[in-house]
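Chain by chain, the residues:
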Amino acid sequence: MGSSMSESDSGDDTGQTAESAERTRDPYALGDHDGERGPDDRAVFWADAVADEIEAREPTEPVVIKGAISPSGVPHLGNVNEIMRGYFVAESLRERGYEVQQVFTTDDRDPLRKLPRKLADLDGNIVDLGAVNAGALGQNLGRPYTDVPDPFGCCDSYGEHFSNLIADCAELLGVDIEIVSTTELYEDGSFEELTRYVLDNQDRARDVLGEYQDKVDADYVPFNPICGECGKVTETVTAVDTDAGTVEYRCTDMEAGDQVIDGCGHEGTATLREGKLPWRFEWPAGWDVLGVDFEPFGKDHAEGSWPSGVDIAENVFEIDPPVPMVYEWFTLDGEPFSSSEGHVVMVHDVLELLEPAVVRYFFSKDPSKARDFSIERLDQLVDDFDRTERLYFGEESGTDREEALGERAYPPSIRPTVADRFDDEFGEGAWRSVANDRTARETVDGLLEERYADRIRIPYTFAAVLGMFDDPELRTDVARKEGHLADDTPEWAVETAMERVDLASEWARRTDNEFNYELKRATLPETDFDEATEAALDELADFVAEGHDGETIQGEIYETAKRHGVPISDFFSAGYRLLFDETQGPQLGPFVAKLDREFVVERFRRNR
RNA sequence: GGGCCGGUAGCUCAGUUGGCAGAGCGUCUGGCUUUUAACCAGACGGUCGGGGGUUCAAGUCCCUCCCGGCCCGCCA
């Protein structure tokens, strides 16, 4: 930012110098300061850097942060970038006292171009296309998503079905967004003025877009009416009458990838509300209608749509484009997400494995880096989160940068959790309004510092081990005995800690990793014990046969091992080998005490 | 073919105006001699994708090449 910026702040009503505007048009810039205000000015957390850019433009409140998605199919974790990247910027601005609104458009007037092979019901279960009436769905190719019947029959349309799923994702993550249907923006006239404007200035529109798209020729009309006969989005406009507010069209064939969707040949008239702007115009039009100040988008938009969008915004609509930010895409277990092929994971699924705060934390990481969401290695993500949390509460020290980053990234990750956990501190359901209610924010931030600091985290992998115990009380007892819980740990903190056990054991089960301790009941695992170990096992079997509680058996394991000169850890491993065919496992004494005695005795004797 | 983003320890990543390559986990060793996992201490571990250049000094700046992804038709 040049020194001229400060001069323009006072007088220049554009609010920006060419230099600063140039810089904030770079979607990769992420608030890359030029050091004018010194190196200390550089924000450690990317969301703060973006917030700096937005603030420099002196936005009117509420500051509007937008995201968007096409409701074309399963909304996966990658799509959630649109919600969560904006969320962290929103929170950064709210912490500075700004009122911020997160709006999310569903591009539901876009035509259905092909049938995805996988869909999802409203509960977030992925289902095969074959599970619904694919034939009936196929009849709707070319029609706007909001005019396609919901294949599940539960919502008003296909578009609404998947928009609802996106709304659920935000809800599940505690993010307050307002969903705006693009179809509604057309139908209620919000887009009408801009549509008329574009059609009145077609030459300009063509000139600008033609710089980016070769197909824009003299016949190109930047409007796609919906056929009054077959309901498809058409591409051939034959006449425009903006005074009457109508266009005439012929319903011609539409190319969709390598497929062609047949037009019905109908010739008719449509109003400016009965159609849509092409995407390259629709995106900037949304910035204007919704007053968008910031919008994150995937890297696929960075080189094509964004530059043309800026050009169209400035030279056709004559508005300022929002502050942009590109995010890299995630992979899932090393492979790209694919809604149509079912290589996806939804927020609904992820929350069976992770606390919402950890999921939010995942999205607080540098957007410019491609990241793998590795189900196998979820324990690393959770450990990372736990460490950041300890850094935040000063329970552990790290590098200056780590501590500064934790200071900034942790509060927005945990805030909805804190509000939820102490919801009785708020009015009825008021914790949900934390985003925009200043009083509620103060309350939640106070709770975070004063009460949530006492939370307890059990390491994720150990939580998976505890999952071996079905009995909740036994889980808690073991956690307590291992020093994770103290006598004075508040009840809510015990609950918070123990909630992770179900998540981690689900993870162990799903990945079938070394923490998935499956009791090998049916067959005796292969073993290779020395004589001393075998003698010790026989003796331990006798002891178990007498009937003792878990605590006593645990002690006897040590005693038995000692008597036979078997190293303690080897003896435990022998037990785990016999029961699980593993070298580790849950605390052995309490565990075997819970099993039927005869099985344990026979197993320790290596009989079956 | 052209443009853009990324490539740092086995894994996940952090490295702010160029200034002695870092963390966590994993691994190994030792400690806690009745509580395996836990916890504590220590160690091992890197041609910072390769090569060249600028500089007293390069993970960081420049050039070039390699790898992965995206864009440069349409669509979104």
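Model, not experiment: these values are computed from the prediction.

What is the right way to read the nonpolar core from this model?
The tendency in soluble globular proteins is for nonpolar side chains to be buried as a group. Counting residues in hydrophobic clusters, the biggest one holds 133 residues, and the most contacted among them are Leu354 and Phe373. Take this core: its biggest share by element is nine residues, from helix α20 (residues 491-511). With sequence-adjacent residues up to four places away left out, phenylalanine 373 is seen in contact with Leu77, Thr331, Leu332, Asp333, Val345, Val350, Leu354, Phe362, Leu378 and Leu381.

What exactly am I supposed to notice about the sheet that holds strand β11 (residues 267-271) here?
Strands pair in a sheet through their backbones, by hydrogen bonds, and they do so in one of two ways: parallel or antiparallel. Spatial strand order, β7-β8-β11: three strands in an open sheet with antiparallel pairing. For this open sheet the edge positions go to β7 (236-241) and β11, each flanked by a neighbour on one side alone. Between one strand axis and the next, the sheet turns through 25 degrees on average, direction left out of account. Across five bridges, β7 lies against strand β8 (residues 246-250) in antiparallel orientation. Looking at the pairing, alanine 239 lines up with glutamate 248 of β8.

Teacher, can you tell me more about the pattern of salt bridges here?
Any two side chains of opposite charge can pair if their charged atoms end up close together. For the coordinates displayed, the defined rule picks out 43 salt bridges. A salt bridge links arginine 455 to glutamate 389, with the shortest nitrogen-to-oxygen separation between them at 3.1 Å. With arginine 455 in the loop between α17 (438-450) and α18 (460-466) and glutamate 389 in helix α15 (residues 378-392), this residue pair connects regions lying 66 residues apart in the sequence. Given a relative accessible area of 7%, arginine 455 falls into the buried group.

Would you explain the packing of aromatic side chains in this entry?
When we look at a pair of aromatic rings, we describe it by the centre distance and by the angle of the planes. Per the counting criterion, the structure on display carries 30 aromatic pairs. Both rings, one in phenylalanine 330 and one in phenylalanine 362, keep their centres 4.7 Å apart while their planes meet at 45 degrees; by these two values the pair is tilted. In this pair, phenylalanine 330 sits in strand β15 (residues 330-332) while phenylalanine 362 sits in helix α14 (residues 356-362), placing the two residues 32 residues apart along the sequence. Take phenylalanine 330: its relative accessible area is 4%, and that puts it in the buried class. What makes phenylalanine 362 buried here is its relative accessible area of 4%. Ring centres of tyrosine 452 and tryptophan 492 lie 5.6 Å apart, and the angle between their planes is 25 degrees; this geometry places the pair in the stacked category. Here tyrosine 452 is found in the loop between α17 and α18, whereas its partner tryptophan 492 is found in helix α20, with 40 residues between them in sequence. With a relative accessible area of 13%, tryptophan 492 lands in the buried category. Following the ring pairs from residue to residue traces out a cluster consisting of Trp279, Trp283, Trp287, Phe297 and Trp306.

When you look at the sheet that holds strand β17 (residues 371-373) in this model, what are you seeing that I'm missing?
An order of β16-β15-β17 is seen for the three strands of this open sheet, with the pairing classed as mixed. Strands with a single pairing partner mark the edges of an open sheet, and in this sheet they are β16 (335-336) and β17. Pairing of β15 with β16 involves two bridges; the strand directions are antiparallel. Considered in β16, the bridge of threonine 331 is made with proline 336.

When you look at the packing of helix α21 (residues 531-546) against helix α23 (residues 568-580) in this model, what are you seeing that I'm missing?
Two quantities define a packed helix pair, namely the angle between the helix axes and the distance between the axes. Running from amino to carboxyl end, α21 crosses α23 at an angle of 70 degrees, the nearest separation of the two axes being 11 Å. The pairing of α21 with α23 is recorded here as roughly perpendicular in orientation. Considering how the two elements wind past one another, α21 and α23 form a crossing that is right-handed. In this structure, α21 uses Thr533, Ala536, Leu537 and Leu540 to contact α23, whose residues at the interface are Phe571, Ala574 and Leu578. Considering only residue class, the contact of α21 with α23 consists of six nonpolar, one polar and no charged.

Looking at this structure, I do not really get the environment of tryptophan 279. What am I missing?
As for its placement among the helices and strands, tryptophan 279 is situated in helix α10 (residues 279-290). Residue class for tryptophan 279 comes out partly exposed when judged on its relative accessible area of 25%. A C-alpha to C-alpha distance of 43 Å links tryptophan 279 and arginine 500, two positions 221 residues apart in sequence. Beyond its immediate chain neighbours, meaning those up to four positions away, tryptophan 279 contacts Asp107, Pro284, His301 and Ser305.

Help me understand the protein's contact with RNA strand B, please; the structure alone is not making it clear to me.
Taken together, 44 residues surround RNA strand B, and among them Asp110, Lys299, Arg401, Phe462 and Glu482 come closest. In the interface set of RNA strand B, defined as its atoms within 4 Å of the protein, sugar plus phosphate atoms amount to 72%. Here aspartate 107 contributes a side-chain N or O atom positioned 3.4 Å from a sugar or linking oxygen of RNA strand B. The contact in question runs from a phosphate oxygen of RNA strand B to an N or O atom on the side chain of aspartate 214, over 3.3 Å. When residues of the surface near RNA strand B are assigned to their parent elements, the largest contribution, five residues, is made by helix α22 (residues 550-563). In the surface near RNA strand B, the residues fall into eight nonpolar, twelve polar and 24 charged.

Rules used in this analysis
Residues numbered from 1 in each chain as written. Chains lettered and ligands numbered in written order. Predicted model: local features only at pLDDT ≥ 70, side-chain atom pairs only at ≥ 80, totals over all residues. Heavy atoms only, no water. Core = buried A, V, L, I, M, F, W, Y, C linked by side-chain atoms within 4.5 Å. Buried < 20%, exposed > 50% of the residue type's maximum accessible area, 1.4 Å probe, protein only. Helix = DSSP H or I, 4+ residues; strand = E, 2+ residues; numbered from the N terminus. Contact = heavy atoms within 4.5 Å. Pairing = 2+ DSSP bridges. Axes fitted to C-alpha atoms, helices over the stretch in contact; angles between N-to-C directions. Salt bridge = Lys/Arg side-chain N within 4 Å of Asp/Glu carboxyl O. Phe/Tyr/Trp six-rings, centres within 6.5 Å; stacked < 30°, edge-to-face > 60°. Parallel < 35°, antiparallel > 145°, perpendicular 65-115°, else oblique. Left-handed = near helix turned anticlockwise from the far one by under 90°. Nonpolar A, V, L, I, M, F, W, Y, C, P; charged D, E, K, R; others polar. Near = heavy atom within 4 Å. Polar contact = N/O pair within 3.5 Å; in protein donor to acceptor, adjacent residues only side chain to side chain.

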